[in-house]
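# Architecture and fold: a report
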Amino acid sequence: MLLSYENIAHYLLEKGLVNLESIVRGEFSVRDQSSRNANFAVNREYTPGYLVKQVRAQDAEKKETLRIEATCYWLANNDPAYQALCAFLPRYFEYDYLHHVLVLELLPNVENLHEHYLG
């Protein structure tokens with residue numbers, strides 16, 4: 001399943017990361033921020049938002065790169081030996097190995113390096 005603007009709410013509902021009431025009340029919005037991966041910024045009015053990343057291509061190397069990235073976030077958020085990294089990284093929520101989807105905390109007021117150098 002490839003995530004899209006149209007189905008991301010369903011995906012997050014299925015994973016238990018959002019609830020239907022917040023969507024119905026209009027406390028949920030999605031912005032496509034795709035680059036080499038499919039990236040979605042999910043804003044939630046009263047709670048932290050999500051950055052949802054998915055590998056678009058059926059490329060084993062790109063899938064492995066995302067899996068390694070997810071492992072780094074998981075370690076920083078779950079293993080005491082790596083906890084010092086939490087001060088520098090967004091919070092990890094989930095990695096869906098079957099669909100190659102990584103869900104992280106959406107940090108407010110940030111600019112990625114690509115945007116920084118274009119500006």
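Each value, and the rule that gives it
Residues numbered from 1 in each chain as written. Predicted model: local features only at pLDDT ≥ 70, side-chain atom pairs only at ≥ 80, totals over all residues. Heavy atoms only, no water. Pairing = 2+ DSSP bridges. Helix = DSSP H or I, 4+ residues; strand = E, 2+ residues; numbered from the N terminus. Axes fitted to C-alpha atoms, helices over the stretch in contact; angles between N-to-C directions. Salt bridge = Lys/Arg side-chain N within 4 Å of Asp/Glu carboxyl O. Buried < 20%, exposed > 50% of the residue type's maximum accessible area, 1.4 Å probe, protein only. Contact = heavy atoms within 4.5 Å. Polar contact = N/O pair within 3.5 Å; in protein donor to acceptor, adjacent residues only side chain to side chain. Core = buried A, V, L, I, M, F, W, Y, C linked by side-chain atoms within 4.5 Å.

Spatially, the five strands line up as an open sheet ordered 1-2-3-5-4, and their pairing is antiparallel. Among the strands making up the open sheet, the edge pair consists of strand 1 (28-32) and strand 4 (92-96). Pairs of neighbouring strands in the sheet enclose a mean axial angle of 20°, with direction left out of account. Direction of pairing for strand 2 (residues 38-44) relative to strand 3 (residues 49-54): antiparallel, over a ladder of five bridges. When the bridges of strand 3 are listed, A41 appears paired with L51.

Attention now moves to the pattern of salt bridges. Using the criterion set out here, one finds five salt bridges in the structure. Between E27 and R25 there is a salt bridge whose closest N-O contact spans 2.9 Å. Among the residues examined, E27 registers a relative accessible area of 14% and is labelled buried. Two residues, E64 and R67, come together in a salt bridge whose shortest N-O distance is 2.5 Å. With E64 and R67 both in helix 3 (residues 60-78) and three residues apart, this pair spans about one turn of that helix. On the basis of relative accessibility, which here comes to 34%, the residue E64 falls in the partly exposed class. The partly exposed category is assigned to R67, whose relative accessible area is 29%. What emerges from the salt-bridge pattern is a single network uniting K15, E94 and D96.

In this section: the side chain of N37. Within the fold, N37 resides in the loop between strand 1 and strand 2. You can call N37 buried: its relative accessible area is 9%. Not counting residues within four places of it along the chain, the set of residues in contact with N37 comprises K53, Q54, V55 and R56.

Position of K15 relative to the elements: it lies in the loop between helix 1 (8-14) and helix 2 (20-24). A C-alpha to C-alpha distance of 13 Å links K15 and L3, two positions 12 residues apart in sequence. Apart from residues no more than four positions distant in its own chain, K15 is found in contact with E94 and D96. Only 3.4 Å separates the side chain of K15 from the side chain of D96, close enough to count as a polar contact.

Core analysis: the largest hydrophobic core is formed by 16 residues, its most contacted members being I8, L12, V42, Y50 and V52. The set of elements that each furnish at least two residues to this core consists of helix 1, strand 1, strand 2, strand 3 and strand 5 (101-106). Per element, the largest residue contribution to this core is four residues, and it comes from helix 1. Once residues within four sequence positions are removed from consideration, V52 is found in contact with L3, I8, L12, A38, N39, F40, V42, V101, L102 and V103. Judged by nonpolar contacts, the second largest core, of eight residues, contains V55, Y73, L102 and L104.

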